[in-house]
Each structure stands twice: as structure tokens, then as C-alpha cells.
Amino acid sequence: MFSRTNAAHAVALALLASFANSAMAQTEAQPKCVMQNIATLTLHDDGLTISADGKINSDAVPMLIDSGAPNTMVTKAESIKLGLVTPEASGTGKKAAADDRVPLTTFAVGPIAMSDVHIHASQKLSDYPAFGALVGADLLMQHDMELALGVHQLKFFNPVGCNDRHIAYWDKNAVMLPMATLSATDHRPVVTVEVDGQSLRAMIDTGSPVSVMSLSAAARAGVTPKSPGVKPMKSATPGAKSTSWVAPFHQFSIGDEDVKNLKMPILDLKGVVSVAPGTAVPDMILGEDFLRAHHVLFSTSQQSFYLSYVGGSVFNMDVTAHAASAPAAPAPAASPAMSSPDGTATPKQ
């Protein structure tokens, strides 16, 4: 005779088998996340610029890696050297517009090569004379890009089956935060940070030696050129009025990472960052100093930014060496929580 106890046991075994089969089916249905490495570039970092070896037609040239530039371009010096000519002006009358692109048989940066392309050309001889080209956000942000300045490497990936999974393969604890662009047509990367309680839009710029903040953003954080502890930067023209200053701030935060007691240049970014009409200028630029202290991944596939702190000062504290001599003024009073070394990163508690 089949007892109720046996029946209950049979039902339990059937349910357990059903759950196990369901779990196995879900595991089998979930695709494996694969980070396909498209290319790896060896970087050159001289402390002021980040570059990679490239080729324009048959000419081997250094190329500036600049996520803060909207477009990839050939420098004026290289255009003259290779005898490149931009197309004639199109249209008629005063509104005739000249195409600023030049035809190239080959444009390659590291192992990434393109044939028979038209690339923007710089219009000024003074623009990046030490480089043959500038690699901008239009090319850099076409794929997920990992930047590890500590090992002088830049890698491009095509994530397959990763969707919303954590893809910072080098660090399971890497911070992940949303990443946007300056606009729908301007692919320069932007993340949200916080300075002294104020939420700011920060553009990540591999072409800027140091991080800087706009005067308007600094004012929102309670700091102006007349605030205690703020010093004018030295002008390249003796006697000229200063247009930038070095200012102290209590705290910078990105994701769950905090940097306390920092100093940073403040200036009018409207004269530094060129944007199309209707596009807002970022509040802040996170430059090479910030990137040297981190291992990062720009994930265009997830619209996310991953970062791991690898050590050292997050911001270039040496900017104070460029401040003009001025009577010392007391810095803003630090809050009791600010006990970490100046300029280094600590996780939020």
C-alpha cells in the first residue's frame, strides 16, 4: 500500500528534480560573457601627452590619444609634409563651405588600419606640431576601450553575451557608474561626479595633462577666485591678468571613491572646450593625472564607466608650483572626516 508519507516524499523529489532541471536550463540558456579583444596598443606617456605609433599613407608618425577631442584629425604639419590638399569649397557666395577632410590611402593607429578614408585636417600649423594625427572620441569610442596607463596599454574590446554583467575582468570590485556623451553626435565621454556636495558633469579627457574645473562649477561648490586659499596661476605673458587659479576643495567623489583635501585649477572652460551650439560645456575635465591613478574601462556597449584605484595622488598636486606668489591665505577648514592623506583615494564607508 502506498502511504501518504511515501506520496509526500515522491512529490518532494519530483519538485526538487524540477527545480534542478529549471536551474540547469537557465544556466544553459544564459550565454557566456566573452570580451573579444579587437586590438591592443602600446602607449607612450611623457607626463604631458599620451600617444601611440601610427601610420598615415606610408609615413610612420606618433598619434596623440585624445578622448577630449570630438574628431580624429591629421595635423597641419603632417598635411603639408605629405602634400595633402583639402577639397575645394562647395557651394557659392559667402556661405560656401570648404570640406576640411583630406583623402588618405592608409590611416592606422597601432594594429587598427583603415584604407581609402577621408580624415579631418587641422587648420593651424600650431595645432599639435609634434604629432602626425590626433585620435579623437569618434574613433576611440566605437568600441569598449580599456586604458591602463600603469602598464602603458590601451585595448579595444567587443563584448559578446555580456549585457549588464560586470566586465572589469581585472578587478571584481571595480567601481561601475553610468557613462554618457556630450551629445548624441559628440561622443566625448561624460560621467557624474561630486565636489563638496555639488553634482558635476565631468568629461574624461586623455589629452589634458591635468584635471580642471570650470569657474561656474567651482562657484556652485562655494569657491571663487577671491575665496581664501585660492591663488592665481602664473601667466605665460608677464604682467598679464590671470585667467586661471589653483583652488582647494574639501572632497571629490566618483562612485564609491572619495578624494579629500585636494587642489585643482579653476578657469572658464568655455574658452577651452569647443562644443556645437546647444551642447552644454562640461563642469569639469578629468585628465591624465586622474587616469594615471586608475585602471579604467569605457564601456560603450553598456554605457558604463569602470574604474579601479591603483595608487598615488588622483589629482596633480604640483599645480601649486605654477601658482603665482601671493600672500598665504588660510585654506577652508577641513571637516573632521577628512583624515586620509591629501589627494589620495579612499572607498566610501
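Since the model is a prediction, treat every value here as computed from it, not as a measurement. (Residues numbered from 1 in each chain as written. Predicted model: local features only at pLDDT ≥ 70, side-chain atom pairs only at ≥ 80, totals over all residues. Heavy atoms only, no water.)

1. As for the overall build of the chain
For step 1, the next point in the chain: When helices and strands are tallied, the chain shows five helices and 23 strands.
For step 2, the next point in the chain: A total of 349 residues make up the chain; the buried ones form 42% of that total.
For step 3, the next point in the chain: Sequence-distant contacts in the chain: of pairs separated by 6 or more residues, those separated by 24 or more amount to 67%.
For step 4, the next point in the chain: Looking at the chain as shown, the accessible area adds up to about 18,200 Å², and 56% of this sits on carbon and sulfur atoms. (Helix = DSSP H or I, 4+ residues; strand = E, 2+ residues; numbered from the N terminus. Buried < 20%, exposed > 50% of the residue type's maximum accessible area, 1.4 Å probe, protein only. Contact = heavy atoms within 4.5 Å. Areas by Shrake-Rupley, 256 points an atom, 1.4 Å probe, with all protein chains shown as cover.)

2. Comments concerning the packing of aromatic side chains
For step 1, the next point in the chain: A full pass over the atoms with the stated rule returns six aromatic pairs.
For step 2, the next point in the chain: Ring plane angle 85° and centroid distance 4.9 Å describe the contact between Phe252 and Phe315, whose orientation is recorded as edge-to-face. With Phe252 in strand 18 (residues 244-254) and Phe315 in the loop between strand 22 (304-309) and strand 23 (345-347), this pair connects stretches of sequence that are 63 residues apart.
For step 3, the next point in the chain: What makes Phe252 buried here is its relative accessible area of 0%.
For step 4, the next point in the chain: Joined through ring pairs, the aromatic side chains of Phe157, Tyr169 and Trp170 make up one cluster. (Phe/Tyr/Trp six-rings, centres within 6.5 Å; stacked < 30°, edge-to-face > 60°.)

3. Considerations on unusual backbone geometry
For step 1, the next point in the chain: Despite not being glycine, Asn57 has its phi angle at roughly 55°, a positive value.
For step 2, the next point in the chain: On the secondary structure map, Asn57 appears in the loop between strand 2 (50-56) and strand 3 (59-65).
For step 3, the next point in the chain: Within the chain, Gln303 stands out as a residue other than glycine whose phi angle is a positive 55°.
For step 4, the next point in the chain: The residue Gln303 is located in the loop between strand 21 (294-299) and strand 22 in this model.
For step 5, the next point in the chain: Residue classification places Gln303 among the exposed residues on the basis of a relative accessible area of 56%.

4. Description of the pattern of salt bridges
Once the charged atoms of two side chains with opposite charge are near each other, the side chains can pair.
For step 1, the next point in the chain: The full count for this structure, using the stated rule, is five salt bridges.
For step 2, the next point in the chain: With a closest N to O distance of 3.0 Å, Arg292 and Glu288 form a salt bridge. You can see Arg292 and its partner Glu288 sitting in helix 5 (residues 288-292), four residues apart, about one turn around the helix.
For step 3, the next point in the chain: The class for Arg292 is partly exposed, based on a relative accessible area of 27%.
For step 4, the next point in the chain: Because the salt bridges share partners, they merge into one network encompassing Asp45, Glu288 and Arg292. (Salt bridge = Lys/Arg side-chain N within 4 Å of Asp/Glu carboxyl O.)

5. Quick look at the side chain of Ser299
For step 1, the next point in the chain: Inspection of the secondary structure assignment puts Ser299 in strand 21.
For step 2, the next point in the chain: Engagement of the side chain of Ser299 in a polar contact is seen with the side chain of Asp144, the distance being 2.9 Å.
For step 3, the next point in the chain: Excluding residues within four positions of it along the chain, Ser299 makes contact with Asp144, Ile167, Met179, Ser304 and Tyr306. (Polar contact = N/O pair within 3.5 Å; in protein donor to acceptor, adjacent residues only side chain to side chain.)

6. A closer look at the state of the cysteines
For step 1, the next point in the chain: With the rule as written, the count across this model stands at one disulfide.
For step 2, the next point in the chain: Covalently, Cys33 is tied to Cys162 through a disulfide, its sulfur atoms 2.0 Å apart. Every disulfide takes its handedness from the sign of the S-S torsion; for Cys33 and Cys162 that torsion is 90°, giving right-handed. One end of the pair, Cys33, is in the loop between helix 1 (4-29) and strand 1 (34-45); the other, Cys162, is in the loop between strand 11 (153-160) and strand 12 (175-178), with 129 residues separating them in the sequence.
For step 3, the next point in the chain: Take Cys33: its relative accessible area is 24%, and that puts it in the partly exposed class.
For step 4, the next point in the chain: Look at Cys162 and you get buried, because its relative accessible area is 2%. (Disulfide = S-S within 2.5 Å.)

7. As for the environment of Pro209
For step 1, the next point in the chain: When you line up the elements, Pro209 lands in the loop between strand 15 (198-204) and strand 16 (212-214).
For step 2, the next point in the chain: Sequence separation between Pro209 and Asp289 is 80 residues; the distance between their C-alpha atoms is 6.5 Å.
For step 3, the next point in the chain: Ignoring sequence-local partners within four residues, the contact set of Pro209 consists of Leu48, Glu288, Asp289 and Arg292.

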